[in-house]
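Examination of the molecular architecture
Okay, here's what each chain looks like letter by letter:
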Amino acid sequence: MPRGSKDKYTAEQKRKAEHIEEGYEHKGVSKDEAQARAWATVNKQSGGGERKGGSGRKKPASAKSEDRKESSRRAVASREGHSRDSKASRETQTVDSLRKEATSKKIPGRSSMRKQELIEALRKAG
């Protein structure tokens with residue numbers, strides 16, 4: 001099978017890659033780059049082609065599920081205006097967005113904390 005062939009991918013994986021690719025193209029990414037990113041995302045989430053004779057890379061269903069959840073969390077953070085690594089940009093975030101992040105990490109006493117206290121608590125929480 002030639003390199004780059006998508007024969008070993010399921011119909012669902014192909015649809016997902018096409019949908020992701022369209023999203024990137026809509027954002028102005030070139031066709032080739034959008035396609036590369038889309039297939040990289042599908043591979044990250046599902047572990048490659050799943051049909052018989054696929055990549056040989058085996059990933060348990062639980063790991064695939066965790067990768068999908070992680071990808072979803074990053075997408076939500078991006079939509080809320082946080083960078084992928086929100087730790088670096090905490091000083092530029094609003095107190096409200098820091099409180100939301102503290103809520104998701106279940107940091108006690110967050111509602112009465114000042115901005116700098118929230119940043120420190122979030123750093124400690126990891």
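Note that the structure is predicted; figures quoted are calculated from it, not measured.

**Structural notes on the overall build of the protein**
Within the protein, the secondary structure is distributed over 5 helices and 0 strands. Of the regular secondary structure in the protein, the N- to C-terminal order runs α-α-α-α-α. By residue count, 27% of the 126 residues in the protein fall in the buried class. Long-range contacts, defined as pairs at least 24 residues apart, comprise 36% of the intrachain contacts of the protein with a sequence gap of at least 6. Total accessible area on the protein is roughly 8900 Å²; 49% of this is exposed by carbon and sulfur atoms.

**Describing the nonpolar core**
By size, the foremost hydrophobic cluster in this structure holds 8 residues: Leu 98, Ala 102, Ile 107, Met 113, Leu 118, Ile 119, Ala 121 and Leu 122. When contributions to this core are tallied by element, the ones reaching two or more residues are helix 4 (95-104) and helix 5 (115-125). Sort the elements by how many residues they give to this core and helix 5 lands first, with 4 residues. For Met 113, the contacting residues outside a window of four places in its chain are Arg 99, Ile 107, Pro 108, Leu 118 and Ala 121. Within the second largest apolar cluster, 6 residues are counted, among which are Ala 17, Ile 20, Ala 38 and Val 42.

**Considerations on the UniProt feature "domain: Rho termination factor-like N-terminal" (unreviewed entry) in the protein**
The UniProt record annotates "domain: Rho termination factor-like N-terminal" (unreviewed entry) at residues 92-125. Across residues 92-125 one finds 62% helix and 0% strand; the C-alpha atoms that close the span lie 19 Å apart.

**Focus on the layout of surface pockets**
The calculated volume of the largest pocket comes to roughly 630 Å³. The wall of the largest pocket is formed by 16 residues, among which Tyr 24, Lys 27, Thr 41, Ser 71 and Ala 75 lie closest to the centre. The class makeup of the residues in the lining of the largest pocket is 4 nonpolar, 6 polar and 6 charged.

The rules behind each value
- Every chain is numbered independently, its residues counted from 1 as its sequence is written.
- The predicted nature of this model means local features are confined to residues of pLDDT at least 70 and side-chain atom pairs, given and counted, to a pLDDT of 80 or more, with totals for whole chains, interfaces and linings taken over all residues.
- The side-chain values count all of the structure's non-hydrogen atoms but skip hydrogen atoms and water molecules.
- Secondary structure counts use DSSP, requiring at least four H or I residues in a row for a helix and at least two E residues in a row for a strand, with both numbered from the N terminus.
- The rule is simple: take the accessible area with a 1.4 Å probe, protein chains only, and divide by the maximum for that residue type; under 20% is buried, over 50% is exposed, in between is partly exposed.
- The criterion used for residue contact is that any of the two residues' heavy atoms lie within 4.5 Å.
- Accessible surface area values rest on a Shrake-Rupley calculation with a 1.4 Å probe, where residue burial reflects the displayed protein chains alone.
- Grouping buried Ala, Val, Leu, Ile, Met, Phe, Trp, Tyr and Cys residues that are joined through side-chain atoms within 4.5 Å yields what is termed a nonpolar core.
- UniProt positions are given in the numbering used here, feature names are shortened, and annotations may be inferred rather than shown by experiment.
- We place a 1 Å grid over just the protein atoms. Points where a 1.4 Å probe fits but has no way out form a cavity, open points with protein on both sides within 12 Å along at least 5 of 7 lines form a pocket, and any residue with an atom within 4 Å of a point lines it.
- Grid points are joined across faces, edges and corners, and a volume is the space filled by probe spheres set on the points.
- Charged residues are taken to be Asp, Glu, Lys and Arg, nonpolar residues to be Ala, Val, Leu, Ile, Met, Phe, Trp, Tyr, Cys and Pro, and polar residues to be all remaining types, Gly included.

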